[in-house]
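# Chains, contacts and geometry: an overview
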Amino acid sequence: MIIPYYKLPLDTYKIITNKEVDTCDLKQSIVGFIHLIATSYFGECTFDESFGCSIWNVDFDNLTSTNKLRNTITESLEESITSQEKRLKKISLEVVIEQEEFMNRGSLNRIKKRVDIKVKGIVSQTNEPFTCLERFYIAPLSF
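Description of the structure in this document. Along each chain, numbering runs from 1 in the same order as the chain's sequence is written. Local features are withheld for residues below a pLDDT of 70 in this predicted model, meaning they are given only at 70 or higher, and side-chain atom pairs are given and counted only at 80 or more; totals for whole chains, interfaces and linings count all residues. Each side-chain value is worked out from all heavy atoms of the structure, with water and hydrogens disregarded.

## Details of the environment of Pro4
The helix and strand labels rest on DSSP assignments: H or I over at least four residues marks a helix, E over at least two residues marks a strand, and numbering proceeds from the N terminus. Here Pro4 is to be found in the segment before strand S1 (5–6). Taking C-alpha positions, Pro4 is 6.0 Å from Asp25, a pair spaced 21 residues apart along the chain. Not counting the four nearest positions on each side in its chain, Pro4 is found in contact with Thr23 and Cys24. We call two residues contacting when some pair of their heavy atoms lies within 4.5 Å.

Printed below as a string of structure tokens:
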């Protein structure tokens, strides 16, 4: 039996009006949950202070080296995903940070750091391989 999972973002209007809520499969649900972890800061969810990751703590940090930022993000996400996403096992992360220049119409261009996060693992229920890629820009965070 295939169990439907709710698709994120959750449409609460459909719930309170007793309409059918959008669903997705297991892998899409895991991808959505990983995205939710990556875009939440520690303490944002009052019911679980440990939910989230440290991307927000380094969002405007332009002085720290790229290697240190990568290690901080990798350790935080790996710990959060391992403890929060129980549907995955053998989780590994690869974080790549690169600078991108954005051309503006004026004379000033902006440089932002792009963070590519590749999450690999095994879906516990089916033993299938799992891979997802998240891409963020930090300083300030956007996706």
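## Notes on the packing of aromatic side chains
Aromatic rings from Phe, Tyr and Trp, taking only the six-membered ring of Trp, are treated as a pair when their centres fall within 6.5 Å; an angle between ring planes under 30 degrees marks them as stacked, one over 60 as edge-to-face, and anything in between as tilted. On inspection of all chains with the given rule, the structure shows one aromatic pair. Each ring is checked for a lysine NZ or an arginine CZ that lies within 6 Å of its centre and within 35 degrees of its normal; such an atom marks a charge sitting over the ring. The ring of Tyr5 carries Arg87 above its face, with NZ or CZ at 5.4 Å from the centroid.

## Let's talk about the pattern of salt bridges
Any Lys or Arg side-chain nitrogen located within 4 Å of an Asp or Glu carboxyl oxygen qualifies as a salt bridge. A complete count under the given rule lists seven salt bridges for this structure. In this structure, Asp22 engages Lys14 in a salt bridge whose closest nitrogen and oxygen atoms are separated by 3.2 Å. We note a salt bridge from Glu85 to Arg87, for which the minimum N-O separation is 2.8 Å. The rule is simple: take the accessible area with a 1.4 Å probe, protein chains only, and divide by the maximum for that residue type; under 20% is buried, over 50% is exposed, in between is partly exposed. The buried category is assigned to Glu85, whose relative accessible area is 2%. Several salt bridges converge on common partners, so that one network encompasses Glu98, Glu100, Arg114, Asp116 and Arg135.

## A look at unusual backbone geometry
With an omega of 0°, the peptide bond running from Leu8 to Pro9 counts as cis. Tracing the backbone through its elements, the reader meets Pro9 in the loop between S1 and helix H1 (12–16). Of note, Asn18 is a non-glycine position whose phi angle comes to about 60°, a positive value. For Asn18, the location among the structural elements is in the loop between H1 and strand S2 (23–24). The exposed category is assigned to Asn18, whose relative accessible area is 74%. Despite not being glycine, Asn127 has its phi angle at roughly 60°, a positive value.

## What to know about the pairing of strand S5 (residues 129–138)
Pairing between strands is defined by DSSP: at least two bridges between them are needed. Note: strand S4 (residues 110–123) against S5, 10 bridges, orientation antiparallel. Following the sheet pairing, Lys120 is matched in S5 by Thr131. Taken together, S4 and the strand that follows it, S5, pair antiparallel across an intervening segment of five residues, in which Asn127 is found at a positive phi of about 60°.

## So, helix H3 (residues 66–84)
A helix's residues, less one, multiplied by 1.5 Å, set its expected span. With 19 residues, H3 should reach 27 Å at 1.5 Å per residue; the first-to-last C-alpha distance of 26 Å fits that figure. Buried within H3 are the following residues: Leu69, Ile73, Thr74, Ser76, Leu77, Ser80, Ile81 and Gln84. Buried residues along H3 sit against helix H2 (26–38), strand S3 (88–102) and S4.

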